[in-house]
Amino acid sequence: MFSSLQTLLLLASLLLNIAAFTPLSDDALRALPSAGADFDIQNGDILAPILIPRVPGTPGSTLVQTHFAQWFATHLPNWKIEHQNSTSKTPATGDKLVPFVNFVITRDPPWTKPGEVGRLALVAHYDSKLTPPGFIGATDSAAPCAMIMHAARSVDEALTKKWAAMEAEGLTGLEEEKGVQILFLDGEEAFHTWTDDDSLYGARALAESWESTPHAAMSTYHNMLSSITLFLLLDLLGAEKPRITSYFKTTHWAYQHLALIESRMRTLELLESKVDHPFFPETDKDPDTFNMGWGIQDDHVPFMARGVEILHVIPSPFPTVWHTPQDDADHLHMPTVEDWAKIVTAFLAEWMDLEGFMPTKAEAESRMKEKRSTSSRKTEL
């Protein structure tokens, strides 16, 4: 359903409307690694440890936090891991304060200082609902967290090579500094019924904290919020045949860019899912039909209220398993999960202008084998 002509027309439209990133070549797209065994739902290194109940303040939540910390320390040691902690009462816990832990994982050019870097934020929530009992939330949002982790690992080596080349050639500080930030947010789900107070616990705390914490005087970005160039929020991904709406006029250019990546990858037969419509069907959306509100209530709301640009990648309609016991590992559509991981990886690589620095297919496969072997040895120890 995706012809080369359709892809070229979409590319032409995109170039007319935005200053495009450096596109990855066809060879670079072909070389993007699949997650493969890392997304195995039983014992995969990335996804399986998240596929457990992880209600804030419970042992399951602590296990997932430990997984994040250990995985990034092992596989991505150049990424800076920070936590933002808060507590709150909830309708389900009375006067007991529930702890919420946001993970903030950042990779910036090594020569930069805080306040100098504009960042692409890749965002998902990692908590699960209190009810129904034993709820997993595989699409909501264990799989999106795994997609982001895979994307980060897939571009890590290319970031190192690019920045080393820039330093060697004396090209630092000559253009806008760009970095990557991963936000794994806690407490998105309501404990009882979704209200302004019973939802988005972690997101509300983080947005408030970052708004009130300035960078040094004369910084390019006055605080952590203004450092976010685009807040790319993934939610409810992993069911078959998703249809993603473009919610916000000011970030429709980024939606179009994701659509172009999907179109190119389908034309090159690099995606595994079989679809009767694109994941991103609204590339030609009428400018007068965009919603002027928040769109679907989600973790972006406290950030959008403070002026952050949002691209919300969430299916409409929601997956049929939404908020049911069936939103579990067995109901993930793994070809779609793999395709999302590749699309997000390609978007991140193009945002960071990594064409020419991404590994070849053989190099990528070799690196993945090495990393999996290292992870296996650490597990056995």
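Above this note sits the structure.
In what follows, the accompanying structure is described. Within each chain, residue numbers correspond to sequence positions counted from 1 in written order. Thresholds applied to this predicted model are a pLDDT of at least 70 for local features of residues and 80 or more for the giving and counting of side-chain atom pairs; totals over whole chains, interfaces and linings are not thresholded and use all residues. Think of the side-chain values as coming from all heavy atoms in the structure, minus any hydrogens and water.

## Quick word on the overall build of the protein chain
Part 1 of the reasoning: Numbering of helices and strands starts at the N terminus; helices are DSSP runs of H or I of at least 4 residues and strands are runs of E of at least 2. Helix and strand counts for the protein chain come out as 9 helices and 6 strands.
Part 2 of the reasoning: Radius of gyration (C-alpha) of the protein chain: 20 Å, near the 21 Å computed for a compact globule of 381 residues.
Part 3 of the reasoning: To sort residues, take the accessible area from a 1.4 Å probe on protein chains only and compare it with the maximum for the residue type: under 20% means buried, over 50% means exposed, and anything in between is partly exposed. Put simply, the protein chain has 381 residues, and 55% of those count as buried.
Part 4 of the reasoning: A contact between two residues is defined here by any heavy atoms of the two lying within 4.5 Å. Counting contacts in the protein chain only where the partners sit at least 6 residues apart, residues at least 24 apart contribute 79% of the total.
Part 5 of the reasoning: All accessible-area figures derive from a Shrake-Rupley calculation using a 1.4 Å probe, and residue coverage is judged against the displayed protein chains alone. For the protein chain, the computed accessible surface area is about 16200 Å², with 54% contributed by carbon and sulfur atoms.
Part 6 of the reasoning: Each charge sign in the protein chain was given a centre, from 30 positive and 51 negative side chains, and these centres are 4 Å apart. Throughout, the radius of gyration refers to the C-alpha atoms, and the reference size of a globule is 2.2 Å times the residue count to the power 0.38. In this tally Asp and Glu are treated as negative and Lys and Arg as positive; neither His nor the chain ends contributes. Here the site of a charge means atom NZ of a Lys, CZ of an Arg, CG of an Asp or CD of a Glu.

## Focus on the packing of helix α6 (residues 252-267) against helix α8 (residues 334-351)
Part 1 of the reasoning: Here α6 crosses α8 at 120°, and the two axes come no closer than 10 Å. The orientation of α6 with respect to α8, classified from their angle, is oblique. Note on packing geometry: the crossing formed by α6 with α8 is right-handed. Between α6 and α8, the residues in contact are W253, A254, H257, L258, I261, E262, R264, M265 and R266 and D339, K342, I343, A346, F347, E350 and W351, respectively. To get an axis, fit a line to the C-alpha atoms, keeping to the stretch in contact for a helix; angles then go from 0 to 180 degrees between the N-to-C directions. Oblique is the label for any angle not under 35 degrees, not over 145, and not in the 65 to 115 range, which are roughly parallel, roughly antiparallel and roughly perpendicular in turn. What makes a crossing left-handed is the near helix being turned counterclockwise from the far one by less than a right angle; a clockwise turn instead makes it right-handed.

## Things to note about the sheet that holds strand β1 (residues 80-88)
Part 1 of the reasoning: Reading across from one edge, β1-β2-β4-β3-β5-β6 is the order of the 6 strands in this open sheet, with mixed pairing throughout. The sheet is open, and its two borders are formed by β1 and β6 (310-313), each paired with just one other strand. Ignoring strand direction, the axes of neighbouring strands in this sheet form an average angle of 20°.
Part 2 of the reasoning: Sheet analysis places strand β3 (residues 117-125) next to strand β4 (residues 177-185), joined by 9 bridges and oriented parallel. Within β4, the position partnered with V123 by the bridge is L183.
Part 3 of the reasoning: Sheet contacts for helix α5 (residues 201-211): β1, β2 (98-107), β4 and β5 (228-234); angle to β1, the most-contacted strand, approximately 110°.
Part 4 of the reasoning: The sheet strands contacting α8 are β3, β4, β5 and β6, and the helix crosses β5 at an angle near 175°. When DSSP finds at least two bridges between two strands, those strands are taken to pair.

## Some details on the nonpolar core
Part 1 of the reasoning: Among the nonpolar cores identified, the biggest contains 77 residues, and F68, F184, L232, F280, V313 and F347 are the most heavily contacted of them.
Part 2 of the reasoning: At 15 residues, the largest contribution of residues to this core is made by helix α4 (residues 138-168).
Part 3 of the reasoning: Residues contacting F280, with those up to four places away along its chain left out, are I244, Y255, L258, A259, E262, V313 and W340.
Part 4 of the reasoning: Counting 24 residues, the second-largest nonpolar core is a separate cluster that includes L206, W210, V308 and I314. Buried residues of nine kinds, namely Ala, Val, Leu, Ile, Met, Phe, Trp, Tyr and Cys, make up a nonpolar core once their side-chain atoms join them within 4.5 Å.

## Describing the packing of helix α3 (residues 59-75) against α4
Part 1 of the reasoning: Following both chains from N to C, one finds α3 and α4 inclined at 15°, their axes separated by 11 Å at the closest point. Here α4 runs roughly parallel to α3, going by the angle between their axes. Our pair here, α3 against α4, has a crossing hand that is right-handed. Only C145, M149, R153 and D156 of α4 make contact with α3, whose side of the interface consists of H67, F68, W71, F72 and H75.

## Digging into the pattern of salt bridges
Part 1 of the reasoning: Note on definitions: salt bridges are taken to be side-chain nitrogens of Lys or Arg within 4 Å of carboxyl oxygens of Asp or Glu. Taken as a whole and judged by the stated rule, the model has 13 salt bridges.
Part 2 of the reasoning: With a closest N to O distance of 2.7 Å, D26 and R264 form a salt bridge. One end of the pair, D26, is in helix α2 (residues 26-31); the other, R264, is in helix α6, and 238 residues separate them in sequence.
Part 3 of the reasoning: E262 is the salt-bridge partner of R266, the closest N and O atoms lying 3.0 Å from each other. Within this pair, R266 and its partner E262 are both found in helix α6, separated by 4 residues, close to a single helical turn.

## Some remarks on unusual backbone geometry
Part 1 of the reasoning: Cis peptide bonds are those with omega within 30 degrees of zero, and the linkage from D140 to S141 qualifies with 0°.
Part 2 of the reasoning: Here the bond from S316 into P317 is cis, since omega is 5°, no more than 30 degrees from zero.
Part 3 of the reasoning: Secondary-structure assignment places P317 in the loop between β6 and α8.
Part 4 of the reasoning: Positive phi, close to 75°, is recorded for M218, a residue that is not glycine.

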